[in-house]
Every structure is written in structure tokens, then in C-alpha cells.
Number of protein chains: 2
Amino acid sequence: MRSDPMEDGEPRPKIRAKAISRPMSTATAVPQSRAAAVLHFAVEKVKAGLLTREEALLEIPALMLDELLHPMIDPDFQRCVIARGLPASPGAAWGEITFSPSQAERLKEQGRPVILVRVETSPEDIHGMHASAGIVTARGGSTSHAAVVARGMGKPCVTGAGDIRVDERKGTMSAGGMTLKTGDIITIDGTAGQVLEGAAPMTEPELPPDFTTVLGWADSIRKLRIRANADTPADASAARRFGAEGVGLCRTEHMFFDAKRIRAVREMILAETGERRRASLATLLSVQRQDFAEMFHIMGGLPVTIRLLDPPLHEFLPKSDEDFSEIAANLKMSEEKMRRRSQELDEFNPMLGFRGCRLAIAYPEIAEMQSRAIFEAAVAVEKDMGKPVQLEIMVPLVATRSELDVVKARIDATAEAVRRETGADVKYQVGTMIELPRACIAAGEIAKSAEFFSFGTNDLTQTAFGMSRDDAGSFLGQYILKGVLPADPFTSIDVEGVGELIAIAVERGRKTRPDLKLGLCGEHGGDPASIAFFHKTGLTYISCSPYRVPIARLAAAQAVLRG
Amino acid sequence: MRSDPMEDGEPRPKIRAKAISRPMSTATAVPQSRAAAVLHFAVEKVKAGLLTREEALLEIPALMLDELLHPMIDPDFQRCVIARGLPASPGAAWGEITFSPSQAERLKEQGRPVILVRVETSPEDIHGMHASAGIVTARGGSTSHAAVVARGMGKPCVTGAGDIRVDERKGTMSAGGMTLKTGDIITIDGTAGQVLEGAAPMTEPELPPDFTTVLGWADSIRKLRIRANADTPADASAARRFGAEGVGLCRTEHMFFDAKRIRAVREMILAETGERRRASLATLLSVQRQDFAEMFHIMGGLPVTIRLLDPPLHEFLPKSDEDFSEIAANLKMSEEKMRRRSQELDEFNPMLGFRGCRLAIAYPEIAEMQSRAIFEAAVAVEKDMGKPVQLEIMVPLVATRSELDVVKARIDATAEAVRRETGADVKYQVGTMIELPRACIAAGEIAKSAEFFSFGTNDLTQTAFGMSRDDAGSFLGQYILKGVLPADPFTSIDVEGVGELIAIAVERGRKTRPDLKLGLCGEHGGDPASIAFFHKTGLTYISCSPYRVPIARLAAAQAVLRG
């Protein structure tokens, strides 16, 4: 079985040279992918009058489209798998191992493909993930940070590869009986959840014309609108390319991790005085305004839902001693004081802590800065484009109507201030994530203040089950093996429990406000089985990773056809 | 205002001597407490025919009974408050400051009263909390570990005293502009949430005959049965003294922290082989059997609900380097290996992690050991008492019926094995905590397997709101100040959200099984406003801290009278 040419006993440097000299694609020698063939026959059968478009659409497994959207390992290649994990984000890639996000960035600049290997990733690693061809983590589930971010980026990712022992300090990883070090080449297959030694030959994705034809049929049938989750201009471009009809979730905090910005974010958090905080907020205002303007431009008048800051503040704080000293020096704060402030922000259960609208209520100046950046960007872009930006501002983690009211008052006041200053009247809606069981129950009351709901099914699944995505790895696998749960509820919506909470919220929300816009922006937005449920429940739109948009378009049509 | 004689500028040692020489009670000089007076007049007015018993009961604020159950600071005493926090557990106490649970135990043995001061407490500190007259924590909410345990023990506790800077290593705390050290005397008032320098004079509680009279009236009117949460024989005795009609929650893990047992618990967790695990389980089996037997004896045939192991395993692991080395040596494991295993158990959000029935499903041998201990103890005690133990075994953190089924099968098999071995047929019921929103929604399905429900309103509030009790301190205070929430939902049940989830579960559960026994064992069981709601919702019983039982008895009667 160990017929991989990478395993031929040659010393490491040769393997590496050989790997790099291998052509990126040997696709010409490989037959078209199965997905391309399926699409092709569907179109041909319709042309020949053997099937109706509807029948043809039902014959295509929606998830199969994934094969067309990402590079894959040459199907004829004999694999030498050194570790297995969860298929966290589809596609395949190879590159040099690096354990450091910063090194990933440096190597990327030198044009060298890298695979980022981590025990787990945190939001601080985003720049390194952007720079990498693929990501492997030893820990974490299919909706861990690494998995969610990688899917959004359309990069292959394997998480929870428990066989891998990572020593980030030594710069080594051991797996499958061998020890690899920084610079060694591995391939990851995020569709299969495998890590391979060496560089496997790839087949590059090509979107065949049949793809466009079939998705055109789907678009004419489906009732659900399909949006994408997009945090960066690159995401937004990918979203449009794949046919998204808007941005359903822009996580503003992902804009905070850029190397140039994170300092201002940290200053804002650690500031001891309101004055100091306002100074860093001013810096952030100008960069966020720029981010939003770019996003609005790319989306060209399609709806854009921007979520106010959501994660716990300590996610932004420096982790290493080095970073700590540097920031303390920058801020002219004693390290001791800074550590104390940082400890104060530390939490037992960050998922259930000081985050979401709780931040906006405690630090209204942050919500105000973000709202101002949004409105100022909208004013500028509307002038530029000569047409309106369809703006939706979303307040996260609302449990009670009163929370939404407090934040909405601040947003409205900022809108009014910008209107007075600029003379431009930007239309906008304020809505809320429905991602807590209590919000589902109180949806009738919350809808009195919310102009739209967007179900955050990741967090709703976590809180309904009392099960953290990041910690579920230790038991969820066994649950599914033993049949305790039929499927991973973070992948496919738990209809009986979480689904019913959504149904309750839909019913109660629409009773209060019959024209309530109902969206969804969890990971489930890209899962065909879940999409069928969302269609039945009467949602207006779903939002998923850009690379899932074609799948969602097809699945939404199939949901109509299957009734 | 600084008229406290402790503040007279004398050097510290003198203050200490003076404080210790002060008599524990100056109660003779103090008028009877307000509560005693209120009870007295209620009884007198009924005797005089001015009020009916019902009218008299409605005139007594239930929470006022607390004054009769705990020592209080002499109302005439001029207080010098050095820090304020949350009134986490009522009553007052003074003693020498200690920062170490072990030192607390040593001082207790010398007959010296101690106040345990911690940044926060963890389950490992239980022995030190038992040894202390009162507990103060710098962090944590009104349902933090310290608060919940202290209430259960009937000890005064102040949590979230953010003004206090604790340096556990140096053995100092600073507050109110002064630095106090190990051995200095402080007084805490857990009813007011205050920390005072020096030893304040106390009034001791006395249960007047009117107390018994009034509670007798209440008992004849109320529909709700009142049980107590009791983890130890001492708790169970207190529960009976205060009139509890059973144990509604026995948290078996609290029996694990005893110094002699924790080693076996750690062995069980860290064991690398099934054999090693079984050896430590055998040790635990014999001690748990003893615990349960004592509990059954004390409760003398009243119902006892025993909950299987609930908390995440890493709560039991050693925290200090010292403990770590010791355990590694005991277990003949390399420290490195032990640390790795320990890291594997570490979680991002332990509240939402590998706990509750998930443990019983992954490690069935733990559930089996606990069930066996329960059944063997019941067999022995039933023989001894000559009457049955009313046994209820409760499976925690169930989200789906299938989870309960897996654990119930193991319990039933163990019962059958013990029946075969002993020839004694112990009657028992298997039920579940309903503490997750999904369990409320799926209650109709779960009731097919559960013979009783016990609502765990602490966790249900946490998951419904997406708000950790231990982390809520950073925003919940502001929420209540700003009117975003009307009250702390961990103290008084959130009727509109959490309450409705309970109502949904009651309706669905009873629809499946009309005779379903419905209990409640959260902190809310001791809150009069919540009790009124539980009465209306049709619960069978509520279970609260032993020291809250009298309040619950009165409040349950008032709920009937108020309709």
C-alpha cells in the first residue's frame, strides 16, 4: 500500500525538491471529475427530452458540486496517509509545513506554498491562514475556528487530526510513525480528512458550462434567496462569482486581526481612560469605513448584513509573552497592570460570556464607532454608485428585546448624526441574530423592535444542546458511532430540537410582524438537508460560505421540487 | 462614619487579640430580630381572631425567615465596610483571613475561626470551605461555585468583591485602602454583601416557637412538596431539621473531593488501562456505598434523588505543580504523559463540554460503579430500617431521549445484577435533569423513558440566555442597573423565557406520561417569586438548599393563597 513515490526512502531534501518540481496539475491525463460528468449527462438528457429540468435537478447530489469548486488530488494517485482527521473544509493542497502564522506569511511572500499546522487556531492566526494553501489542526471539530474560517476562505482544512503530535516550539510534528519538521512537504485532503506525506498531484477545478446551465435552472425554481457570509473584499468577490444574492453575514471582527489594526484593537480594549479608548476607536473608524466601503462597492447594491462586534474581547489580546511586552511598551502601561486587565477579561466559558450585544451595551462607544463607519461608508458609496446600498445592521447574541432596544437606539442616533453631518439619508434596517434559545421563545417580543431575524444556527445548536463546538470532539464522534445522535448537529440541523426552536421563532416573529425578513447565517446554510428544512420553515434567505453558494442554490431548488 | 472600634489606629496584633476576645454573641442586649417580631405578631393576631391563618401567612415576607436561620451582625454595630460584593449566601461570620483551603482546615482543627478569601473557588476547595466560617471571593456571580456551595452549607459568603485584590501567593489582600494579611481578622456579612475589618459583634439565630407554628400552617396549605439539595450527611441532617420532605438533588461528585478520595478519582480519570481504572473504581465504589447508606439512613424512607456524576473530569485534576508531581509519582506515570492527558481534558467551554450523561456514555464503568454503590447501599439500608428507600436515580444533562436510554440501560442492568447477587428487590425510578433547552423542546419524547423530570434551572438559565453564571459578573450588574433585565435571572426565574421553556416541557412531558413526577433542583427553588411560578406551572416538588427549606415552605403556601 505504501506505493507513494514520496515514500521511496530517499533522503528528505530530495523528496522536497522532487515534490516542488512536480507540475501543479496532471489533470490532462485524468478523466473529468465525476461531478462534471453528472452535470453533463443531466444537461444532455434534458436536451434529448429524456428528462425535464426538474427531474434532472433532482438527479444531481448537491454536495457533489464541491468537487468542481476546489482542487482535488488526482484520483489515480496512490495515497500515503500519515494522519486522519475531520473533513473540515473541502479541496486539497500541498505545501511546506509551518507552525507559525507569521512564517506562513513570509513564505507566501516568497511564493512558496505552505500548509499551516497548529494544535488549534485562534482568531489571531487569520493572517497566517490567509497566507496558507491549507490548514491542519490536531484539535477541534468540524465547526472549530479553523474549520469555519477555512470554509469561508475556500481553503482545504483538516481538523481534529488527533494522530498528529505537534510541537510548535521545536517546529516538529509526528504522525504515522514519522517526525516531520518545518519546511517538509505535506498534502492535505480536506474533502477526505487526510494528511499525506509529500506533494500529491492535483487536478484543478474548472467550472464547465453545464454548471452554469444547471444552476440557472435551479435559480428559476428555488424560493430561498442565497447569500454568502463574507468578511473581506476577497470573500465578497468570491460570493458574487458563485452567484450569491447578497452578504448575509459580515463579521466585522475579522477585519480587526490585520497586523496593522490589531494594535489599535488592543489599545481600545486595554485603554485605562475613555480618552485613550476614543483615540484608538478613531483609528479603527477610518479602517472599518474603508472595509465597509469596499464591501458595498463589490456587492453593488445587493443587500449587505453587517454584524456588530461579537467575540469576547480577550480573543483580541496578545497571547505570547513577547507580544505582551511589546504592547505594554506601546501603550506605556506597566506589564503588571496590563496582565491584570487581561486576566479580568479571561473567562471560564467565553462562549457564554461577555460578548455579542453585551459588549455594545457595556461599551456603547464601540457600537457607535462601528455604526458610524457603516453609515459614512454607505453615504460615500451611494454617492459613488448612484444607487442605494441595501444596508442591514445586525445585533448579535440578543436574548431579550430590551437588549436590542438599547443597541438600536445607539445605531439610530448615529445614523441621525451622520445624516445631519452629510445631508445624505441612508436607508437601513436594524435586526438581530436569533442564536439563543431564549430569543426563539421571546421572538414575538423581539420582533417588535427587529426588522429582520437571522438565525445563527451554530450558536443556537451550541446553546440548545449545551454543547460547545470546540469541545464536542471528545464525545460527539462516539455519539454518532453509537447511534446516540443520527448526525453531527453542527453539520446538519437537528430538526427535532434546534429546528423546532427555529419554527417557534418564525411563527412568533411573523405573528408580531408579518413582513419580518427571516434569514439564516450559520454553517447549516451550506448543508442540503438543512436547506430543505429551512425552505419548509419559510425562511426568506440563507447565507453560507461563498464556496457553498452553488450547492445552496441547487439544494434550495431541490427543496422546492421535493415539496 | 469610621467609628468601628477596629479602626482605632492600634497596631494590628492588638486588634486581633481584641477581636478574638470579643464574645461571640451580644444578643442578650439586642432586641429580638425583626423576623421574630413579625412571626410573633402574626401568631398573636391569629390567636386574637384579628386575622385568619391565611391572612397571617400572607403578611410574612418569606425571605425574612433567613434572619432566623443564620447569625447576623448586631444591628446596633457601626460598620466599617472595606469591600462590597454580592450577597451570595446569607448570615455573618468573622475569623482569621486565610487564602489556603488546607490552612483553613488546619486552623479549624486548632479551634480558630477562619474566613477563606479566594479569587474564586473551585471544587477542590470544598474541604477548606467546610472548615471556614465564611467565604469571600473577588470574582464570581451569585451562582458561582463559591456561592452555590456556601448556600448549601449554610455559610455566609460574599462573591464578586471586585474591590479586593487578592495575592494568594504573598498571602495578602488589599481593599478599602488597606492591606490585610493571613491571620488578620475580617467579618463578612453575606446577607448584605459586605466585608468588614475586624470582628463585628454577632446575634445568634434562635428558632422561636412561633416559627414552628407558622410553618405548620404553611405546610397544611401548600401543594408543592419541598425537598432539599443535600450532598453530605450533614446537609441531609440540616434538611430534615428544616422540614425537607426528601432530597431532591444529591450531587455525587461533591463526595469525590474528600482528601482521601480525590486520589482514587484522579487515578480513575488518568488511568491508561481499563484495569487500572477498575481498581480505582473499586475504591470509589466502597466509599460511595457508605455515603449513600448514610444518606438513606438519615432520610429514613423519604425520597432521595441521586444524580450521577456531572462535572467535567478536569475539575478533579490537580492544579498545582506540586500536586501534579505527587500524583504522577503515585500513579507511576511520567509527568509528561500525565500533563498530556490532563491537557486533553482541558476545555474551552467546560460548561458546554464533556460532562453530564456524556461522561456516563463514554465511560459506562463510572455510571455502573455509581449505580452499584446506590443499589448495594439501598439493599443494606432497607434491610436495616425495615422499610423501603424511595430511590430516584437522575441522569444529568440529557438533550435527547437516546442519551437517557443508553444510561438507563446500564442502570437497569446493574440493578438486575445486584438483585441477582443479593436476592433483594430494590424499587427505584430513573429520571433526568431537564436543564437544556433542547430537552425542554423534546420533553414529550424524553418522557417516554424518564419516570421523572427535575428541572435544573441554573443550567437551563445559562443555556437559554447563553450566559455563564461564572462570567456574567462582568455585565449582569450593569444590565440590572440599566434596566435591561428586571432582575438577576439566576436568582429569580426569568418567567418569559426560561419559565416558558419549563412550561413547554411540563406540557409535553405530561402529555406523554400523565403521572410524570416534576421536580426542580436549581437555585431558584429557594426564591419566593420563582416558587410562585413553579406552583402555577404545576410542579410536584422543588428542591433547594437546606437553609432555604423554611422559606420555600412558606412561599409555597403563599403561592396557593395568592392563586
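My aim in this report is to walk through the structure given alongside it, one point at a time. (Residues numbered from 1 in each chain as written. Chains lettered and ligands numbered in written order. Predicted model: local features only at pLDDT ≥ 70, side-chain atom pairs only at ≥ 80, totals over all residues. Heavy atoms only, no water.)

For chain A, the helix and strand inventory stands at 23 helices and 21 strands. Its C-alpha atoms give chain A a radius of gyration of 24 Å, near enough to 24 Å, the size a compact globule of 563 residues would have. Seen through its C-alpha atoms, chain A measures out along the principal axes to roughly 70 × 70 × 50 Å. The burial tally for chain A puts 61% of its 563 residues in the buried class. Taking as baseline every contact in chain A between residues at least 6 positions apart, the subset at least 24 positions apart corresponds to 70%. (Helix = DSSP H or I, 4+ residues; strand = E, 2+ residues; numbered from the N terminus. Rg over C-alpha atoms; globule rule 2.2 N^0.38 Å. Buried < 20%, exposed > 50% of the residue type's maximum accessible area, 1.4 Å probe, protein only. Contact = heavy atoms within 4.5 Å.)

Going through the model one piece at a time under the given rule, you end up with 16 aromatic pairs over all chains. On the numbers, 5.9 Å between centres and 15° between planes, the contact of F354 of chain A with F475 of chain B is stacked. Taken together, the residues F354 of chain A in the loop between α13 (335–345) and α14 (357–362) and F475 of chain B in helix α20 (residues 473–481) connect one chain to another. The buried category is assigned to F475 of chain B, whose relative accessible area is 1%. Between F375 of chain A and Y428 of chain A, the aromatic rings sit 4.8 Å apart at their centres with planes inclined by 70°, giving edge-to-face as the arrangement. Residue F375 of chain A is found in helix α15 (residues 364–385), and its partner Y428 of chain A is found in strand β18 (residues 428–434); the two are separated by 53 residues along the sequence. Taking relative accessible area as the criterion, F375 of chain A reaches 2% and is therefore assigned buried. Residue classification places Y428 of chain A among the partly exposed residues on the basis of a relative accessible area of 22%. In textbook terms, an aromatic cluster arises when at least three aromatic residues are bridged by ring pairs, as seen for F354 and Y363 of chain A together with F475 and Y479 of chain B. Sitting over the ring of Y541 of chain B, R227 of chain B keeps its end group 3.8 Å from the ring centre. (Phe/Tyr/Trp six-rings, centres within 6.5 Å; stacked < 30°, edge-to-face > 60°. Lys NZ or Arg CZ within 6 Å of the ring centre and 35° of its normal.)

So, about the sheet that holds strand β8 (residues 165–167) of chain A. All names here are of chain A. Strand order in the open sheet formed by three strands is β8-β9-β10, and the pairing between neighbours is antiparallel. The open sheet terminates on both sides in strands that have one partner only, identified here as β8 and β10 (178–181). Across the sheet, the mean angle from the axis of one strand to that of its neighbour is 20°, orientation sign disregarded. (Pairing = 2+ DSSP bridges. Axes fitted to C-alpha atoms, helices over the stretch in contact; angles between N-to-C directions.)

Here we take up the relation of the copies chain B and chain A. When chain B is fitted to chain A, the best match, at an RMSD of 0.1 Å, comes from turning it 180° and sliding it 0.1 Å along the axis. The transformation relating the two chain copies, once decomposed into turn and shift, fits a two-fold axis. Residue N349 of chain B of chain B places its C-alpha closer to the rotation axis than any other residue of that unit, at 2.2 Å. Mapped onto chain A, 100% of the interface residues of chain B again fall at the interface, so both copies present the same surface. (Least-squares fit on C-alpha atoms with pLDDT ≥ 70 in both.)

So, about the sheet that holds strand β3 (residues 86–89) of chain B. Residue and element names in this part refer to chain B. One open sheet holds the eight strands; their spatial order is β2-β12-β11-β4-β5-β6-β7-β3, and the pairing between them is mixed. The sheet terminates laterally at β2 (81–84) and β3, the two strands that pair on one side only. Geometrically, the sheet is characterised by an average inter-axis angle of 30° between neighbouring strands, direction not taken into account. Bridging between strand β6 (residues 134–137) and strand β7 (residues 157–159) involves two bridges; their strand directions are parallel. Bridge pairing in β7 places I135 opposite C157.

So, about helix α8 (residues 209–221) of chain A. All names here are of chain A. Relative to the 18 Å expected for 13 residues at 1.5 Å per residue, α8 spans 19 Å between its end C-alpha atoms, a close match to the ideal helical length. Among all positions of α8, only D210, F211, V214, L215, W217, A218 and I221 are buried. Considered in projection along α8, the buried side chains sweep an arc of 150° and stay on one side of the axis. Away from the buried face of α8 by more than 90 degrees, exposed residues P209, T212 and S220 are located. (Expected span 1.5 Å × (residues − 1). Arc of directions from axis to C-beta.)

Residues and elements named next belong to chain B. Burial along β6 is two-sided: G134 and V136 and I135 and T137, pointing in opposite directions, are all buried. Summarising the sheet, strand β5 (residues 114–118) and β6 pair through four bridges and their orientation is parallel. If you follow L116 over to β6, its bridge partner there is I135. What joins β5 to β6 is helix α6 (residues 126–131), and the crossover it makes is right-handed. (Right-handed = clockwise from strand over helix to strand, strands pointing away.)

Right, let's get into the interface of chain B and chain A. Residue-level contacts link 53 residues of chain B with 53 residues of chain A. Each partner contributes to the roughly 4,600 Å² buried at the junction of chain B and chain A, and carbon and sulfur atoms together form 56% of this total. Sorting the residues of chain B by area buried against chain A places F348, L352 and R438 of chain B first, and these three jointly supply 16% of that buried surface. Connecting chain B to chain A are six salt bridges. R438 of chain B is the partner of E496 of chain A in a salt bridge, and the nearest nitrogen-oxygen pair spans 3.9 Å. If you list the elements that add at least two residues to the side of chain B that touches chain A, you get α13 (335–345), α14 (357–362), α16 (401–422), α17 (437–441), α19 (457–465), α20 and α21 (495–512) of chain B. Among the elements that line the side of chain B that touches chain A, the one with the most residues is α21 of chain B, at six residues. (Buried area = accessible area lost by both parts, 1.4 Å probe. Salt bridge = Lys/Arg side-chain N within 4 Å of Asp/Glu carboxyl O.)

Further remarks concern the environment of E245 of chain B. All names here are of chain B. Considering the arrangement of structural elements, one finds E245 in the loop between α9 (233–241) and β15 (247–251). Once the C-alpha coordinates of E245 and G140 are considered, the two residues, 105 residues apart in sequence, prove to be 31 Å apart. A polar contact of 2.8 Å, which involves the side chain of E245, links it to the side chain of R222. (Polar contact = N/O pair within 3.5 Å; in protein donor to acceptor, adjacent residues only side chain to side chain.)

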